[in-house]
Amino acid sequence: MLLPAKAEVARHLELYRAWERMMLAAPADRAARGNFEDTGYTLCVLMGKRCAREAVHAAERYLSVGPGARRRDRAKGGPADDRRPAKSGRSGRSGRSDGLAASPVT
C-alpha cells in the first residue's frame, strides 16, 4: 500500500483538530461544520479509512511511529499506540488549494 507524505497527513490532521474545536465552540456555524467534515473526509482518503475517527487514529499512529519502529512493532504483533504525534510547524500561507475556507489554525 502506498503511504501519503507525512507532511500532508500532519497538515490535514492539524486542520481537522482546529475545525473540530471551532465546530464544538460554535455548533450552529455551518461553515465550521462543513470544513470539519471536509477535512475528515480528506483524512479518510489519505489514510484509506471509511470513518473520520478511524482515519484520525491511523494518522496519529502513522505520524508517531518511524520506519524502524514500524518494523519492530510488526514483528511484535501491533503498532505502538502509546506514542503521541509530534507538533508540526506551520508557515503562514495564503490562497488555499484544497478548497477549504481560511484555516482557524494560526
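All figures in this text were calculated on a predicted structure; none of them were measured in a lab.

With that settled, consider the overall build of the chain. Helix and strand counts for the chain stand at four helices and zero strands. Ordered by position from N to C terminus, the α and β elements of the chain give α-α-α-α. The 106 residues of the chain split such that 32% are buried. The long-range share in the chain, meaning contacts at least 24 apart out of those at least 6 apart in sequence, stands at 58%. For the chain, the exposed surface amounts to about 7,200 Å²; the carbon and sulfur share of it is 53%.

Next up on the list: the packing of aromatic side chains. Going through the model one piece at a time under the given rule, you end up with one aromatic pair. Ring geometry for Tyr16 against Phe36: centres 4.9 Å apart, planes inclined by 35 degrees, an arrangement best described as tilted. Highlighted residues: Tyr16 in helix α1 (residues 6-25) and Phe36 in helix α2 (residues 30-47), separated in sequence by 20 residues. Sitting over the face of the ring of Tyr62, Lys6 holds its NZ or CZ atom 5.2 Å from the ring centroid.

Along its 13 residues, helix α3 (residues 52-64) runs 18 Å from first to last C-alpha, staying within 8% of the 18 Å computed at 1.5 Å per residue. Among all positions in α3, only Ala55, Val56, Ala58, Ala59, Glu60, Tyr62, Leu63 and Ser64 are buried.

What follows is about the environment of Cys44. By secondary structure assignment, the location of Cys44 is in helix α2. Each C-alpha atom, one on Cys44 and one on Glu54, is 7.9 Å from the other, the two residues being ten residues apart in sequence.

Of all hydrophobic cores here, the largest spans 18 residues; its most connected members are Val9, Leu13, Leu43, Met47, Ala59 and Leu63. Elements that contribute at least two residues to this core include exactly α1, α2 and α3. No other element matches α1, which puts seven residues into this core. When near neighbours in sequence (up to four residues on either side) are disregarded, Leu43 contacts Val9, His12, Leu13, Tyr16, Ala55, Val56 and Ala59.

Calculation criteria
Residues numbered from 1 in each chain as written. Predicted model: local features only at pLDDT ≥ 70, side-chain atom pairs only at ≥ 80, totals over all residues. Heavy atoms only, no water. Helix = DSSP H or I, 4+ residues; strand = E, 2+ residues; numbered from the N terminus. Buried < 20%, exposed > 50% of the residue type's maximum accessible area, 1.4 Å probe, protein only. Contact = heavy atoms within 4.5 Å. Areas by Shrake-Rupley, 256 points an atom, 1.4 Å probe, with all protein chains shown as cover. Phe/Tyr/Trp six-rings, centres within 6.5 Å; stacked < 30°, edge-to-face > 60°. Lys NZ or Arg CZ within 6 Å of the ring centre and 35° of its normal. Expected span 1.5 Å × (residues − 1). Core = buried A, V, L, I, M, F, W, Y, C linked by side-chain atoms within 4.5 Å.

Distances and angles like these do not, on their own, reveal function.
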